[in-house]
Amino acid sequence: MALLPILEFPDPRLRKVASPVTVFDLKLEVLIDDMFETMYDSQGIGLAATQIDVHKRLLVIDVSESKDSPLVFINPSFEIIEDELSEYDEGCLSVPGFYETVSRPKGIKVQAQDRKGEKFEIEAEGILATCIQHEIDHLDGKLFVDYISALKRQRIRSKLEKEHKKSA
Ligand code: GNR
Ligand code: NI
């Protein structure tokens, strides 16, 4: 297994739109396992392939307290089933150290494929629904900072750019 480096805002590669996964092979399984290892190591509850510079429609999630409920979503899509909004203080491994409140539809129905390519469907609400929407946004080149004010986003950008210069 391997830990993969995570791209950080404002890296332009986080803006790429990912392409569908078409081949379900051992290489994909290794990538999925490396993504879980990277997500758990970073104490994240989700990770999209875009964040590790792989522009394929693939994401992993584990919102459980005990970190024993891994979920894989390949080529995911969703529809809103409860359009009431729920607010969460969102963070992102690609925007380290910053948290902002984001409103998203409360209940969704998700269609996706599993690691073997089998189609499945689940209904989600609460933090799982929020996390799935946050991850699918990554696959479309979007970040939670796109939902906050331009002023706040610019402040976050400046601070992270400074951090990146220090460590470069
Ligand atoms: O670890 C994460 N926590 C989180 C908290 C609230 C809403 C979304 C998230 S996802 C984030 C991990 C991440 O950056 N996934 O892309
Ligand atoms: Ni994120």
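Rules and cut-offs
Residues numbered from 1 in each chain as written. Chains lettered and ligands numbered in written order. Predicted model: local features only at pLDDT ≥ 70, side-chain atom pairs only at ≥ 80, totals over all residues. Heavy atoms only, no water. Phe/Tyr/Trp six-rings, centres within 6.5 Å; stacked < 30°, edge-to-face > 60°. Helix = DSSP H or I, 4+ residues; strand = E, 2+ residues; numbered from the N terminus. Buried < 20%, exposed > 50% of the residue type's maximum accessible area, 1.4 Å probe, protein only. Core = buried A, V, L, I, M, F, W, Y, C linked by side-chain atoms within 4.5 Å. Contact = heavy atoms within 4.5 Å. Donors = N, O, S within 2.8 Å, 3.2 Å for Na, K, Ca; no water. Patch = residues over 30% accessible without salt bridge, like charges linked within 9 Å, V, L, I, M, F, W, Y side chains within 5 Å. Areas by Shrake-Rupley, 256 points an atom, 1.4 Å probe, with all protein chains shown as cover. Salt bridge = Lys/Arg side-chain N within 4 Å of Asp/Glu carboxyl O. Lys, Arg positive; Asp, Glu negative; His and termini not counted. Charge placed at Lys NZ, Arg CZ, Asp CG, Glu CD. Pairing = 2+ DSSP bridges. Axes fitted to C-alpha atoms, helices over the stretch in contact; angles between N-to-C directions.

Draft legend 1. Broad picture of the packing of aromatic side chains. Under the definition given, this model contains 2 aromatic pairs. With 6.0 Å between their ring centres and 20° between their planes, phenylalanine 36 and tyrosine 40 make a pair best called stacked. Taken together, the residues span about one helical turn, with phenylalanine 36 and tyrosine 40 both in helix H1 (residues 26–41) at a distance of 4 residues. Overall, the relative accessible area of 8% leaves phenylalanine 36 in the buried class.

Draft legend 2. View of the nonpolar core. Ranked by size, the top nonpolar core spans 15 residues in total, and within it Leu59, Ile61, Phe73, Ile108, Ala124 and Ile132 carry the most contacts. Of all elements in the fold, only strand S2 (58–61), strand S4 (100–113) and helix H2 (126–139) reach the threshold of two or more residues within this core. Considering every element that reaches this core, the biggest residue donor is H2, with 6 residues. Leaving out residues up to four positions away in the same chain, alanine 124 has contacts with Lys106, Gly107, Ile108, Ala129 and Ile132. Counting 14 residues, the second largest nonpolar core, distinct from the first, contains Val21, Phe36, Ile52 and Ile74.

Draft legend 3. Just the coordination of the nickel ion (ligand 2), in detail. The protein atoms that coordinate the nickel ion (ligand 2) are Cys92 (SG), His134 (NE2) and His138 (NE2), at distances spanning 2.1 to 2.3 Å. Donor residues for the nickel ion (ligand 2), ordered by position in the chain, follow C-x41-H-x3-H. Pair noted here: histidine 134 and histidine 138 are both in helix H2, with a separation of 4 residues, about one helical turn. Summarising the burial analysis for this pair, histidine 134 and histidine 138 share the class buried.

Draft legend 4. Region of the structure containing a positive patch on the surface. Taken together, the side chains of Arg155, Lys159, Lys162 and Lys165 present a region of like positive charge at the surface. Residue placement: arginine 155 occurs in helix H3 (residues 150–167).

Draft legend 5. Local environment of the sheet that holds S2. Sheet architecture is open: 5 strands sit in the order S1-S2-S3-S4-S5, paired in antiparallel fashion. A strand with exactly one partner marks an edge of an open sheet, and here the two such strands are strand S1 (46–48) and strand S5 (119–125). In this sheet, adjacent strand axes meet at a mean angle of 30° when their direction is disregarded. Strands S1, S2 and strand S3 (71–90) of the sheet are contacted by H1, whose axis makes an angle of about 40° with S2.

Draft legend 6. Just the pattern of salt bridges, in detail. Summed over all chains, the structure comprises 14 salt bridges. Among the salt bridges present, the one from glutamate 29 reaches lysine 116, with a minimum N-O distance of 2.7 Å. Taken together, the residues glutamate 29 in helix H1 and lysine 116 in the loop between S4 and S5 connect sequence positions 87 residues apart. Residue lysine 116 is classed as exposed on the basis of its relative accessible area of 57%. Among the ionic pairs, glutamate 84 bridges to lysine 106, the shortest N-O distance being 3.2 Å. Residue glutamate 84 is located in strand S3, and its partner lysine 106 is located in strand S4; the two are separated by 22 residues in the primary sequence. When its relative accessible area of 47% is taken as the criterion, glutamate 84 is described as partly exposed. On the accessibility criterion, lysine 106 (27% relative accessible area) is partly exposed. Look at the salt bridges and you will find they share partners, linking Glu29, Asp33, Arg115 and Lys116 into a network.

All quantities given are derived from atomic positions and should not be read as evidence of function.
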